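Observations on chain architecture
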Amino acid sequence: MTDILITDDEYDIRSLVADILEDEGFRTRTAGTAQDCMAAVAAGLPGLMILDIWLKDSDMDGIDILKKMRREHPEVPVIIISGHGNIEIAVAAIKQGAYDYIEKPFNIDQLMVVVRRAMETSKLRRENVALRQKDVAPTEMVGASPAHRALLSQLSKVTTSNGRVMLTGPAGSGKELAARYVHANSDRASGPFVTVSSASVEPERMEEVLFGRDGPERGVEPGLLEQANGGVIYFDEVADMPLATQGKILRVLVEQAFQRVGGTDKVSVDLRVVSSTNRDLQTEIREGRFREELYHRLNVVPIRVPSLEDRREDIPTLAEHFVGILNQTQGLPLRELTEDTKALLQTMHWPGNVRQLRNVIERVLILGDGAGPVEPSELPGPTEGGGEEADVSLSGSLASLPLREARELFERQYLMTQINRFGGNISRTASFVGMERSALHRKLKSLGVVTAARGGGARVARVDETV
């Protein structure tokens with residue numbers, strides 16, 4: 001898109017213009033008819049078109065070609081030239097979207113001024129598109145737990161293919177980050193990564209947002225599918241997509257083509273589709289809220305993204321990672337986390353998963369005093385007390401029990417929490433609680449606590465109901 005396509009039915013004119021432009025350092029192509037012009041466009045988009053209005057032996061005139069270019073390739077500036085010009089033709093050309101209008105015979109200096117301005121416009125448009133498509137969001141996957149390693153292994157396998165991926169997992173677990181990791185490590189990494197936020201787009205606007213518009217007043221307005229051409233389109237929370245739109249997306253997946261809203265031309269796209277959901281799509285299908293055919297098209301490679309509960313071992317690493325990111329992006333203090341703070345983070349309840357952990361770290365850095373280590377008292381508590389001392393009181397379950405039974409209940413809950421904190425690793429748990437491994441095994445057996453495998457390779461502690 002850095003050359004200039006000159007279309008004029010007079011050989012002498014197009015050759016003269018090409019020679020002038022090439023003497024000034026521009027690369028050119030020429031065409032004598034509308035058919036040759038459109039064939040040249042199909043072979044490769046030019047950075048600029050210089051187009052004669054009157055074209056002999058052609059099925060379209062210059063205005064027709066201008067309209068087609070504005071509809072299909074609005075990023076390419078078009079300069080109209082004519083030897084039969086008048087003010088009405090000039091106004092009509094500008095109204096149809098021409099960059100400028102020049103009468104023949106034209107002044108060479110005037111031509112060069114207009115061409116240079118148009119080429120600069122073309123360059124700025126390309127840079128603007130590239131910047132909008134550039135994926136600047138983080139793609140680093142942080143963690144070393146068995147569940148996280150299993151996820152990374154699955155994601156790495158799908159980066160080398162073009163298969164559609166369905167990411168499932170609870171809200172805030174990092175499904176979009178996983179999708180971006182697939183994109184960044186695939187052969188489409190240089191292409192765009194476009195997110196469709198299915199839940200945030202109004203249902204009546206969904207088709208316009210996806211497919212774009214094509215109308216006489218505003219011309220072509222590309223939608224998200226068109227913007228993702230050559231890269232990845234990510235359907236975030238795809239279960240929230242309206243049923244009517246689901247049917248049209250299904251057709252796009254089959255044909256790799258669609259029509260803009262209000263348009264009649266087919267737009268072909270080359271897309272890889274990654275989608276995500278925190279819902280049970282089988283239930284959504286049974287209740288008539290999701291198309292089964294679309295589910296099977298999207299669910300070619302299903303990958304489960306683990307919750308933070310499934311990867312508690314990663315919490316200290318993630319927390320330190322967020323401290324670094326927030327320091328770089330927002331200038332928040334670069335503070336260390338004490339070992340007690342890390343331990344408390346690992347035992348807290350995280351219904352919002354990784355997103356909630358990041359928010360807590362951001363809050364602590366904003367509200368904290370100084371640049372010293374983050375202490376446990378700065379973390380939000382059950383009552384959001386933030387570190388003020390309170391009277392010690394027992395929970396109802398402990399207060400109503402004799403000392404021996406209360407101690408046994410406390411030990412069971414404490415040890416199960418520590419085992420889950422370390423992903424079922426008994427050796428690390430024993431080291432932290434200050435017991436020999438064999439002694440810990442005996443204690444767990446006496447308390448009726450066993451460990452069981454959980455998805456992704458992690459283990460979780462539970463009470464043995466058979467004891």
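This structure is a prediction, so every number in the text was calculated from the model and none was measured.

With their axes 9 Å apart at the nearest point, helix α17 (residues 403-421) and helix α18 (residues 426-433) run at an angle of 125° to one another. Here α17 is positioned oblique relative to α18, judged by the angle of their axes. Judged by the twist between their axes, the crossing of α17 over α18 is right-handed. Between α17, through Tyr414, Leu415, Gln418, Ile419 and Arg421, and α18, the contact on the second element is made entirely by Ile426, Thr429, Phe432 and Val433. Its residues placed into classes, the contact of α17 with α18 shows six nonpolar, two polar and one charged.

We now examine the confidence of the model for the chain. The share of residues in the chain with pLDDT of 70 or more is 89%, and the mean pLDDT across the chain is 85. Within the chain, strand β6 (residues 165-168) carries the highest mean pLDDT (97), whereas helix α16 (residues 396-399) carries the lowest (60). Counted against residues more than four places away or in other chains, residues 383-393, with its pLDDT under 50, gives four contacts.

Okay, unusual backbone geometry next. Here the phi dihedral of glutamate 237 falls at roughly 50°; this positive angle occurs in a residue that is not glycine. With respect to the helices, strands and loops of the structure, glutamate 237 is situated in the loop between β10 (232-236) and α10 (243-255). The class of glutamate 237 is buried, set by a relative accessible area of 13%. Unlike most non-glycine residues, asparagine 353 shows phi in positive territory, near 60°. Mapping asparagine 353 onto the fold places it in helix α15 (residues 353-367).

Taken as a whole and judged by the stated rule, the model has 25 salt bridges. Residues arginine 289 and glutamate 284 are paired through a salt bridge, measuring 2.8 Å at the closest nitrogen-oxygen approach. Residue glutamate 362 is joined to arginine 358 by a salt bridge in which the shortest nitrogen-to-oxygen separation is 3.5 Å. Of this pair, glutamate 362 and arginine 358 both sit in helix α15, separated by four residues, roughly a single helical turn. A residue is classified by how much of its surface remains accessible, and glutamate 362, at 18% relative accessible area, is buried. Here arginine 358 falls in the partly exposed class, since its relative accessible area comes to 27%. When salt bridges that share partners are traced, they join Asp240, Arg279, Glu284, Glu287 and Arg289 into one network.

On the surface, Phe410, Tyr414 and Phe432 cluster together into a nonpolar patch covering about 290 Å² of accessible area. Its place among the elements puts phenylalanine 432 in helix α18. Exposure remark for phenylalanine 432: the relative accessible area of 41% places this residue in the partly exposed category.

With that settled, the discussion passes to the pairing of strand β13 (residues 272-277). For β13, the buried fraction is high: six of the six residues fall into the buried class. Of the two faces of β13, both are covered, the one formed by Arg272, Val274 and Ser276 as well as the one formed by Val273, Ser275 and Thr277. Pairing analysis gives four bridges linking β6 to β13, with the strands arranged parallel. The residue of β13 that forms the bridge with methionine 166 is serine 275. Alignment of β10 against β13, held across four bridges, turns out to be parallel. Pairing of isoleucine 233 across the sheet is with valine 273, part of β13.

To continue, consider the sheet that holds strand β5 (residues 100-103). Ordered by their spatial adjacency, five strands build an open sheet running β2-β1-β3-β4-β5, and the pairing between neighbours is parallel. The sheet is open, and its two edges are formed by β2 (28-31) and β5, each paired on a single side. The mean inter-strand angle of the sheet, taken between neighbouring strand axes irrespective of direction, is 20°. Here strand β4 (residues 78-82) pairs with β5 via four bridges, running parallel. From the neighbouring strand, isoleucine 81 faces β5, where its bridge partner is isoleucine 102. Contacts from helix α2 (residues 34-43) reach β1 (4-7), β2 and β3 (48-52), with the element oriented near 170° to β1.

Another point: the layout of surface pockets. By volume, the second largest pocket is sized at about 650 Å³. For the second largest pocket, the lining is made up of 28 residues, of which Gly174, Lys175, Glu176, Leu177 and Val354 are closest to its centre. Residues of the lining of the second largest pocket, tallied by class, amount to 13 nonpolar, six polar and nine charged.

So, on to α2. Listing the buried residues of α2 in full gives Ala34, Cys37, Met38, Ala40 and Val41. The arc that holds the buried residues of α2, viewed along the axis, is 155°, so those residues lie on one side. Residues Ala42 and Ala43 are exposed on α2 and point more than 90 degrees away from its buried face.

The subject of this paragraph is the environment of valine 194. With respect to the helices, strands and loops of the structure, valine 194 is situated in strand β7 (residues 193-197). Sequence spacing of valine 194 and arginine 180 is 14 residues, and the spatial spacing of their C-alpha atoms is 9.8 Å. Other than its neighbours up to four places away in sequence, valine 194 contacts Leu224, Gln227, Ala228, Val232, Ile233 and Tyr234.

Across the sheet, which stays open at both edges, the five strands sit in the order β7-β10-β13-β6-β14 with parallel pairing between neighbours. Across the chains shown, the open sheet's two edge strands, defined by having one partner strand only, are β7 and β14 (301-304). Averaged over neighbouring strand pairs, the angle between their axes works out to 20° when direction is ignored.

Here is what the cut-offs are and how they apply
- Residues numbered from 1 in each chain as written.
- Predicted model: local features only at pLDDT ≥ 70, side-chain atom pairs only at ≥ 80, totals over all residues.
- Heavy atoms only, no water.
- Axes fitted to C-alpha atoms, helices over the stretch in contact; angles between N-to-C directions.
- Helix = DSSP H or I, 4+ residues; strand = E, 2+ residues; numbered from the N terminus.
- Parallel < 35°, antiparallel > 145°, perpendicular 65-115°, else oblique.
- Left-handed = near helix turned anticlockwise from the far one by under 90°.
- Contact = heavy atoms within 4.5 Å.
- Nonpolar A, V, L, I, M, F, W, Y, C, P; charged D, E, K, R; others polar.
- pLDDT = per-residue confidence, 0-100.
- Buried < 20%, exposed > 50% of the residue type's maximum accessible area, 1.4 Å probe, protein only.
- Salt bridge = Lys/Arg side-chain N within 4 Å of Asp/Glu carboxyl O.
- Patch = residues over 30% accessible without salt bridge, like charges linked within 9 Å, V, L, I, M, F, W, Y side chains within 5 Å.
- Areas by Shrake-Rupley, 256 points an atom, 1.4 Å probe, with all protein chains shown as cover.
- Pairing = 2+ DSSP bridges.
- 1 Å grid on protein atoms, 1.4 Å probe; cavity = no way out; pocket = protein on both sides within 12 Å on 5 of 7 lines; lining within 4 Å.
- Points joined across faces, edges and corners; volume = space filled by probe spheres on them.
- Arc of directions from axis to C-beta.

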